[in-house]
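# Structural description and commentary
Below are the chains, spelled out letter by letter.
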Amino acid sequence: MAEHPLTALAKIDPVITQHLKEIDGLIYADGALPRKLKLLIAMAFDAAHGAANGVRALASAALQAGATEAEIGETLRVAYHFSGVGALYTASQGLKDLV
């Protein structure tokens, strides 16, 4: 897997990166919504915003949390519906060699 995108920031500001880890723990924890669903939602946002590396990281985490490739595909359909075909191009780049 590629280097974490905040590695360079962690070197110069470990306090903020620790804060981000703690927030991620809160945001992605199972609750009223299961972890895998939260990860799929975040993946859709990254696809919509052109963040291929985020799509890859979140899709990988979603798979580890029990999501299926079919669920990833359907989530990306929603991203496409609301933000356009660019989301699909971004998603395809992010998913290359993952699924």
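Definitions and limits used
- Residues numbered from 1 in each chain as written.
- Predicted model: local features only at pLDDT ≥ 70, side-chain atom pairs only at ≥ 80, totals over all residues.
- Heavy atoms only, no water.
- Helix = DSSP H or I, 4+ residues; strand = E, 2+ residues; numbered from the N terminus.
- Contact = heavy atoms within 4.5 Å.
- Areas by Shrake-Rupley, 256 points an atom, 1.4 Å probe, with all protein chains shown as cover.
- Lys, Arg positive; Asp, Glu negative; His and termini not counted.
- Charge placed at Lys NZ, Arg CZ, Asp CG, Glu CD.
- Core = buried A, V, L, I, M, F, W, Y, C linked by side-chain atoms within 4.5 Å.
- Buried < 20%, exposed > 50% of the residue type's maximum accessible area, 1.4 Å probe, protein only.
- Salt bridge = Lys/Arg side-chain N within 4 Å of Asp/Glu carboxyl O.

Another aspect to go through is the overall build of the protein chain. Check the secondary structure of the protein chain and you find 6 helices and 0 strands. Across the protein chain, helices and strands are ordered from the amino to the carboxyl terminus as α-α-α-α-α-α. Its C-alpha atoms give the protein chain principal-axis dimensions of about 35 × 30 × 25 Å. Within the protein chain, counting contacts between residues at least 6 apart in sequence, those at least 24 apart form 59% of the total. For the protein chain, the exposed area adds up to about 6,700 Å²; of that, 60% sits on carbon and sulfur atoms. Treating the 8 positive side-chain charges of the protein chain as one cloud and the 10 negative ones as another, the clouds have centres 2 Å apart.

Counting residues in each nonpolar core, the largest one holds 19 residues, and the members touching the most others are Met43, Ala47, Ile72 and Leu76. Mapped by element, the contributors of at least two residues to this core are helix 3 (35–48), helix 4 (52–64), helix 5 (69–83) and helix 6 (86–95). Per-element tally for this core: the top contributor is helix 3, with 6 residues. In contact with Leu76, not counting residues within four places along its chain, are Met43, Ala47, Leu88, Ala91 and Leu95.

Moving on, we come to the pattern of salt bridges. Applying the stated rule across the entire model yields 1 salt bridge. Here Glu71 makes a salt bridge to Lys36, at a shortest N to O gap of 2.9 Å. One end of the pair, Glu71, is in helix 5; the other, Lys36, is in helix 3, and 35 residues separate them in sequence. Among the residues examined, Lys36 registers a relative accessible area of 24% and is labelled partly exposed.

This next bit is on the environment of Ala47. Tracing the sequence through the fold places Ala47 in helix 3. Through-space distance from the C-alpha of Ala47 to that of Lys21 is 22 Å; in sequence the pair is 26 residues apart. Among residues more than four places away in sequence, those in contact with Ala47 are Val55, Leu76, Ala79, Gly86, Ala87, Thr90 and Ala91.

The values reported here are purely geometric and, on their own, carry no functional implication.
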